[in-house]
Every structure is written in structure tokens, then in C-alpha cells.
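# Architecture at a glance
Here's the letter readout for the chains.
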Amino acid sequence: SKSSQPFETRPQTSLKITQKELSEHSTTSSLWLSIGGVVCDVTDFLMLHPGGNEVLLQYGGQEAAEAFEEVGHSDFARKMLQEKAIGVLVDGNSSLQSTAGTSLLGRLFTREDGFNIHKVLGFSVLLHVFYRIYTQLAWQWDGGFSSGWVDLALCWLSIALQSTSYFFEVPRARLLGSPMIWQEWRAHNYIFVLRHVLGFTICWSYLRWVNISNKIAGTLLSLSMFAVLYGQLYSVDVITAYIREDKHTSLTASWPFWEGCPIWLEKAIKWYYTIAQFQASTLLIMTGTDLYAKYMVIFPFQFASFLMTLVRKGIITTKGFHAGYLWSLWMVVWLILKCDVVTTVATWAMWICLYFFRSNGLSKYALWLGPFMPQLLMYFELMPTSNILQFPVMLITWLICMTIQKVFMGFATETRARRFLEARRKPLKLVAKEKVNNAFYLLKFEIPAGYTAGINPGQHVKVHVPNISKDQPTWNTHMNLEEPVDQLSRSYTPVSATTSPTMDLMIRLYPKDPQRGFPDGGRASTFLIDQLKIGQKMSLTGPHGHQLYFGQSRFLVGKDIITARACGALAGGSGITPVISTLQDIWQEGRRDIRDRDQRIMGETTVRMDEFAVLHVTRKASEALPSSWYEPGKGSGDVTPIRVSHVVTSETSKVTVPGTGNSWAGKLTVEMVQQSLPAPADDVVIFVCGPQGFNESLCRPMLQKLGYKHVVMLQ
């Protein structure tokens, strides 16, 4: 018989949660919902939900089983939700029946495509590809393609398939845990497929209506292929600027891999994925009128989307996706090159040259001038028709492009920031540890070359540390609920800039203090501060949580992006770390690197706010951060002014905290908030960082009383 719940609860989700407790978690900073009586924390999933965050917020703090079942979620969605389960609702609805265990066919045919148009087109294209594989293996000329109308229609069937993919809701941002379709991938895929369909159509038209051995006609055909290529390069930049919100991701460098995948294998696969992009482009522009080459390159693009769908529906694993995608890439190139050794060696030499110059910062627009110039010079008879001479001409062209770029734009090569961390655990080496004050230590973890920290303000990472309390029945005079586990997971907000080569974590020290009922001290903090040595590695995952700051004074408030004239931050204790993270990103805007390709594509410019005010509430004055933490580094330009105030709750008489404008003793009051933060206005954003009681019970009522409209709660 089926369970009365949509999925099984895990042993660690036995926490009993009341309806009242559930209803208190209905905001973007902490969003819980119940699915058939199982309470799930979906805060991290807000920005990734295919139907948008509005749907989740609509059911925040409520029972949502009926809506969940109505949509017809896949087994993969149920598995993902199960991983976010945190407890069981003790006084709510758990009577809805599950539809888990849907058949394979049922998972493929969903409600979004009622007439199964996309599926029919998909299977038709797949059958056509398999037919072309057979014709090539049977040594039919050009894979059996001709200049007939049927072949042209079969090629354009691929565009019809891409168009019907828009029947489906997909996340705006990519999922970090598994390779699944998201909006930017779908749009880029459409452009790539259209590129090859247009290339096929131009060659088909040439064969049907021109088909003469003529120097001018052949050159015009080559120029047309380059025009299609450059149109695609520009189009994907436009799509990226419109859709991508996180410049630290890319289509290939940010692929999720399976748990346990060795770093060397991940690097090797990512390297080949990059090579495959050059393979696809060169097979477009350098295969003449070869219709088979123009068409077959489409297959890996569409096959990858199909594999992603199978991952989402729980039919294959992440490892299965990469195996299938690699097979499609290798198979297509092998068929097109026809096992010709000389051609294979020459083309691989070209692909490696393209990779070398591109990975070292040559602009992609300059990169493809390399293969273009030999064609142009041979047409004007300025160089002999020779494949061997094309390589030195390409190299000279690239060097000239770098020189021109340096003279007129100020840089010879460009940079690309890519995040190293993902949902699976990855090791980072501790390279520095320093004491900030009596409460905090700063730990710096090295990011591998070619990557950056890439954790945006509002997001955090999880550090997986050994459980020093293992096998201890009690800890700090209480029952040790984490006694049986080998490792603990703790969340920390990095205080380093997103483009930093190190991941800087500010760890709060919880020392042994029997007088405060803390005789054993903190678990994770004790290990990280006292036991972890320089040079040792720790496993981290991330980013988790949703992005707060999107650059250029834009903050996410609920479901809206608000451009702030002024910003205020109210932080309790270690809640100061998201504030520092945001300040780092704001200061980083003043140090924009003109070489940053993604910055130029996404149109980022320096924006100066009128003010950024910080009110930090701590128990002791010694827990305040030194004033240097609120000072921008060199080269930050015209930065946003920072105003810092402090409240020390354990003191009753006047206190002075160095480097702050105002210092108070005692409990936080409305008057303190009013004097410390910008006055309420439509273009003022306030974000609160601290424990739930600090955020919801203390700060939210004060901010509401003062009339602030745009308030973000971070925990």
C-alpha cells in the first residue's frame, strides 16, 4: 500500500513541529512548508524553483500537499524535497495519498505537454540521427544527404524541437546539485542549434541552386559561415546579459558532477567540454558544403537536453548524464572525420591552439579571426592555398588582435571568474588563520587556480568537520543529539569578495565556559580554530541560500529587485558576516577590472549609494570588529560612505567602541535603530542578520513601527 506521505521521512527528520511553528517560517529568509505532514525547509530552493519563487512563498508556512500533487512532480522532485525534510507536522494534514512510484512512461509524459508534441518531435529527431549514423557507417556520400526538400525539412525539425521546449517551466538559475535544464542553457541551446540549421540551409541552397566550382562563390559560402558564427557569438552574449544573474557560473565550467568524482577527472571532462565547443564551431566554418557535418553537430546539443530531462525525472544519474554526453560528442566527431589520421591530427592541433589562446584570455571575437584571415588572404591570392600555412597566419592574426586590443581597450587578454564550489563536497586547503578579536577568527582557504570564491552576498557555504563530540552522551550539560554522526555540517557566510582567490570565513569562537553552561565549548569552532592546521584540507559545499545583492545597488526583497539609494544593516553577533560580504561586493564594484569579460557582457558599472549604515549588536564591546573591516581597500574609487554604530547588550553604562559613530549600552531600542539607519523611504533597503529571535521578535516589529517598506531577514 502507498504511504500516507508523498515520500518517506528520514530518521533525522523526526523533529516534531507544530502548525504555529510552521507558520512562523514564511519569509524569504526562512521558508518552510508541509507536504502531507512532512515539513521541508525550502529556503535554498527559492531562486531555483522552476515555477518561480512566488509559488513557494504563496504556500510558505502552510500545508501544500494538494498543490504539490496537482502539478504532478517527478520522483526526482520528491527525492529533492525529501532531502530538505526537517521534521513532521504534529497537528496538520497528513492524509493526502502519494503518487510516488510513477512508471517510467508516466515520468516521461507529463501534463506540461498535453498533446506530447515535444516528445513526438524528440523521438523523430532521434530516429533521424540514428538513420544518419547508419548511412555514414554504410559509406553513403555525405551521410545520404542531398539538396532535396525532404532533407531540408528534416534538418528544420530540430528547430521545431527546440521551440517546443518552451512549453516547459525551467528554473531561471542553474541547479548546483544535478545537471538539469535552466533558462540560460535552453536559450543558448536554441541559438547553437539555429546556428547549425542556418549553416545547413545555406549549404543546401548553394548545392541546389549554385553548385559550381567557382572561387567567388566558394569564398562567399565561407564568409556566410563566418557570419553565422559571429551572429551566434553576439546572440549568446545578449542572452547572457538578459538572463544570467550570477557571473560566477558558465555553461561548461560550472557543471555539477557526481559525488566522489576525482578532481582530476572533473578537470579532464571539463577540458574536453571546452574543446567540444571549438569542435562544433570549426565543423561549421571549415567543412565546406558538407551537409552531414553541419547537421550532425546538432545532435550533442539536443541529446544533452534529453539527458538532463532524464536526470530531472530520476531515470538516470549525474554520472549517466556525463557518460551519455561524452559519448555523443566523441561519436559525432569520429563520424565526421571518418577516421582519417592526417585530418584528425591537424584538426586536433587547431582545437588545442584555439583552447590555449582562449583559455589565456584572447577575446572570442578575436579568436575566430584566426581561421578567417587565411580564407581571406587565399581569396585575394596574398598567400598560396596551403593548409600548412594556415597555422602561422592564425598565430600572427591572434598576436595582432591582442596588440590592437591592448592599444585601444587597455587590455591584451580578458579574465573570466568561475566558482569552484558546488553542491557536492570539494576540498579546500587552509592557507592562513588569524585572530580578529576576542570573538572571531579569520580562516582563509585557497581556491584552485582558474577559479574564484564566487559566493554572492546573502549566500553561505557549509563546512563539513569531524565531530569532536562523537560517542559523548552529553555535550554542554545537554543530551548530545549529534553523538552518532562522524561529521558535522556548519554554515558560514564568506567575508571575502566574490572574485577573491581565497575563501575567507569568519569563525566565531565558542570557548569552554562552565559559568554560562558551556563547559565543553563549540564543536565545529573548536576544531576549526584550535585543531585545524595550516595546509590541511576541509570539505566545503556551496553556495547555499539565495543571493541578496545583485550589484549596482540592487537588492532582492521578497520577489522584487529594489534599486537602493541607501542601505542599512542590522546585525546580531556573528550575523555581521553577511554585512561584510555585501560591503566587499560593493567595494569590488569600485575596483572593476576592465578585463572581466562577464562584467562587460552583463553591463556592470560602478554605482555609488548615498549611504550604507551598519548597526552591530553584540554582548561585549570586545566582540566588535576592528574599524579596518569597514574600510575599502586601495583602488576602490568613489565608494559608498559607510556609517557604523554599535550596541553592547551586557553593559549598563556608556561604552565606547573605537571606529564607530554611535555606541550604546543595554538592550536595542527603536531610538537606537532610528539614529543608526537611513530614514525610511521607497528607495531604502534594510537587511537584518542574526538568530531568528533577534530577527523576528526584536527587529521586525521595530522596523515596521518606524515604517520601513523594504526589509530582508537573513538567518
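A quick note: this is a predicted structure, and the numbers were derived from the prediction, not measured.

## Overview of the overall build of the protein
Helices and strands together make up the secondary structure of the protein, namely 22 helices and 21 strands. Within the protein, the fraction of its 715 residues that count as buried is 53%. Long-range contacts, defined as pairs at least 24 residues apart, comprise 75% of the intrachain contacts of the protein with a sequence gap of at least 6. A total of about 31600 Å² of accessible surface is found on the protein, and carbon and sulfur atoms cover 59% of it.

## Describing the confidence of the model for the protein
Of the residues in the protein, 86% reach a pLDDT of 70 or more, and the chain-wide mean stands at 84. In this model residues 93–102 is a low-confidence stretch, pLDDT under 50, and it forms 30 contacts with partners more than four residues away in sequence or in other chains.

## A word on helix α12 (residues 298–312)
The end-to-end C-alpha separation of α12 is 22 Å, in line with the 21 Å expected for 15 residues at 1.5 Å each. Most of α12 is tucked away, with 12 of its 15 residues classed as buried. Residues of α12 that are buried: I298, F299, P300, F301, Q302, F303, A304, S305, L307, M308, L310 and V311. At the exit of α12 stands G314, carrying a positive phi of roughly 75 degrees.

## Concerning the sheet that holds strand β11 (residues 487–492)
A sheet is described by the order of its strands in space; here six strands give the open sequence β11-β8-β13-β6-β7-β12, paired in antiparallel fashion. Two strands lie at the open edges of the sheet, namely β11 and β12 (502–508), each paired on one side alone. On average, each strand axis in the sheet is inclined to that of its neighbour by 40 degrees, with strand direction left out of account. In this sheet, strand β13 (residues 537–544) lies alongside strand β6 (residues 426–435) in antiparallel orientation, the contact comprising four bridges.

## A closer look at the side chain of N437
Looking at where N437 falls in the secondary structure, it is placed in the loop between β6 and β7 (440–446). Relative accessible area serves as the criterion here: at 9%, N437 is assigned to the buried category. Polar side-chain contacts of N437 include one of 2.8 Å to the backbone nitrogen of A439. In this structure the side chain of N437 is engaged in a polar contact, spanning 3.3 Å, whose partner is the backbone oxygen of E623. Those residues within four positions of N437 in sequence are excluded, and the remaining contacts are S622, E623, A624 and L625.

## Brief notes about the sheet that holds strand β21 (residues 710–714)
Neighbouring strands of a sheet are bound in pairs by backbone hydrogen bonds; such pairs are parallel or else antiparallel. With parallel pairing, six strands are arranged side by side in an open sheet as β19-β18-β17-β16-β20-β21. Of all the strands in the sheet, the pair left with one neighbour each is β19 (662–665) and β21. This sheet shows a mean twist of 15 degrees between the axes of neighbouring strands, independent of strand direction. The sheet contact formed by strand β18 (residues 642–648) and β19 spans four bridges and is parallel. Residue pairing across strands places S645 opposite N662, the latter belonging to β19. Across the sheet, helix α19 (residues 576–589) is in contact with β16 (566–572), β17 (611–618), β18, β20 (684–689) and β21; its angle to β17 comes to roughly 160 degrees.

## Concerning the nonpolar core
Of all hydrophobic cores here, the largest spans 94 residues; its most connected members are Y295 and M296. Ignoring sequence-local partners within four residues, the contact set of Y295 consists of V125, H128, V129, R132, F145, L154, C155, S158 and F200. Among the nonpolar cores identified, the runner-up in size contains 33 residues, and V436, A439, W629 and V644 belong to it.

## Remarks on a nonpolar patch on the surface
Taken together, the side chains of I396, I400, I404, V407, F408 and M409 make up a nonpolar region of the molecular surface, amounting to roughly 640 Å² of accessible area. Among the secondary structure elements, I396 is positioned in helix α17 (residues 387–409).

## Thoughts on the environment of Q674
For Q674, the location among the structural elements is in helix α21 (residues 670–676). Counting along the chain gives 32 residues from Q674 to L706, while the straight-line C-alpha distance between them is 7.5 Å.

## Some remarks on the state of the cysteines
Within this structure, the stated rule accounts for zero disulfides. C689 provides the cysteine sulfur closest to C567, a residue in no disulfide bond, and the two sulfurs are 9.3 Å apart.

## Description of empty space enclosed by the protein
Per the stated rule, a full pass over the model turns up three cavities of 30 Å³ or more. Of the volumes computed, that of the largest cavity is approximately 260 Å³. Along the walls of the largest cavity sit 19 residues, with A276, Q277, F301, Y325 and L329 positioned nearest its centre. If you list the elements that add at least two residues to the lining of the largest cavity, you get α8 (183–210), α10 (263–285), α12 and α13 (318–337). Top contributing element to the lining of the largest cavity by residue count: α10, with six residues. Among the residues forming the lining of the largest cavity, the class breakdown is 15 nonpolar, four polar and no charged.

## Let's talk about unusual backbone geometry
With an omega dihedral of 0 degrees, the bond running from G542 to P543 counts as a cis peptide bond. Along the chain, P543 falls in strand β13. Even without a glycine there, the phi angle at D471 is positive, about 70 degrees. Residue class for D471 comes out exposed when judged on its relative accessible area of 54%.

## Thoughts on the pattern of salt bridges
With the rule as written, the count across this model stands at 19 salt bridges. A salt bridge links E422 to R424; the nearest nitrogen and oxygen atoms lie 3.1 Å apart. A salt bridge links R523 to E482, with the nearest nitrogen and oxygen atoms 3.5 Å apart. One end of the pair, R523, is in the loop between β12 and α18 (524–531); the other, E482, is in the loop between β10 (478–479) and β11, with 41 residues separating them in the sequence. Take E482: its relative accessible area is 23%, and that puts it in the partly exposed class. Each of E266, K270, E422, R424 and K426 takes part in one network of salt bridges that share partners.

## Describing the packing of aromatic side chains
On inspection of all chains with the given rule, the structure shows 33 aromatic pairs. Put simply, the rings of W271, Y272, W330, W348, W351 and Y355 touch in pairs and so form one group of aromatic residues. Over the ring of Y166 we find R186; its NZ or CZ atom is 4.2 Å from the centre of that ring. The ring centre of Y379 lies 5.6 Å from the NZ or CZ of K215, which sits over that ring.

Rules of the game
- Residue positions are given per chain, counted from 1 along the sequence in the order it is written.
- Note on the predicted model: pLDDT of at least 70 is required for a residue's local features to be given, and 80 or more for side-chain atom pairs to be given and counted; whole-chain, interface and lining totals, by contrast, use all residues.
- Note that the side-chain values use all heavy atoms of the structure and ignore hydrogens as well as water.
- A run of DSSP states H or I qualifies as a helix once it reaches four residues; a run of E qualifies as a strand once it reaches two. Both are numbered from the N-terminal end.
- Categorising residues by exposure relies on relative accessible area from a 1.4 Å probe, with only protein chains included: less than 20% of the type maximum marks a residue as buried, more than 50% marks it as exposed, and the intermediate range marks it as partly exposed.
- It only takes one pair of heavy atoms within 4.5 Å for two residues to be counted as in contact.
- Areas reported as accessible are Shrake-Rupley estimates using a 1.4 Å probe. Residue values count occlusion only from the protein chains shown.
- pLDDT expresses, on a scale from 0 to 100, how confident the predictor is about each individual residue.
- Multiplying one less than the number of residues by 1.5 Å gives the expected span of a helix.
- Two strands qualify as a pair provided DSSP detects at least 2 bridges between them.
- Note on geometry: axes are lines fitted to C-alpha atoms, helical ones only across the stretch in contact, with angles between N-to-C directions running from 0 to 180 degrees.
- For the purposes of these results, a polar contact is taken to be a pair of N or O atoms within 3.5 Å, where, inside protein, one atom must be able to donate a hydrogen and its partner to accept one; residues adjacent in sequence count only when each atom of the pair is a side-chain atom.
- Each nonpolar core is a collection of buried residues, namely Ala, Val, Leu, Ile, Met, Phe, Trp, Tyr and Cys, held together in the definition by side-chain atoms within 4.5 Å.
- Patches draw on residues past 30% relative accessible area with no salt bridge. Two like charges within 9 Å are joined, as are two nonpolar side chains (Val, Leu, Ile, Met, Phe, Trp, Tyr) within 5 Å.
- A pair is scored as a salt bridge if a Lys or Arg side-chain nitrogen falls within 4 Å of a carboxyl oxygen belonging to Asp or Glu.
- By definition, disulfides here are pairs of cysteine sulfur atoms that lie within 2.5 Å.
- Whether a set of points on the 1 Å grid over the protein atoms alone is a cavity depends on a 1.4 Å probe fitting there but being unable to get out, while an open set qualifies as a pocket with protein on both sides within 12 Å along at least five of seven lines; lining residues are those with an atom within 4 Å of a point.
- Grid points are joined across faces, edges and corners, and a volume is the space filled by probe spheres set on the points.
- By the convention adopted, Pro, Cys, Tyr, Trp, Phe, Met, Ile, Leu, Val and Ala count as nonpolar, Lys, Arg, Asp and Glu as charged, and the other residues, Gly among them, as polar.
- Classification of ring pairs uses Phe, Tyr and Trp, with its six-membered ring standing for Trp, and accepts pairs whose centres are within 6.5 Å; under 30 degrees between planes counts as stacked, over 60 as edge-to-face, and the remaining range as tilted.
- Placement of a charge over a ring requires the Lys NZ or Arg CZ to be within 6 Å of the ring centre, with the centre-to-atom vector within 35 degrees of the ring normal.

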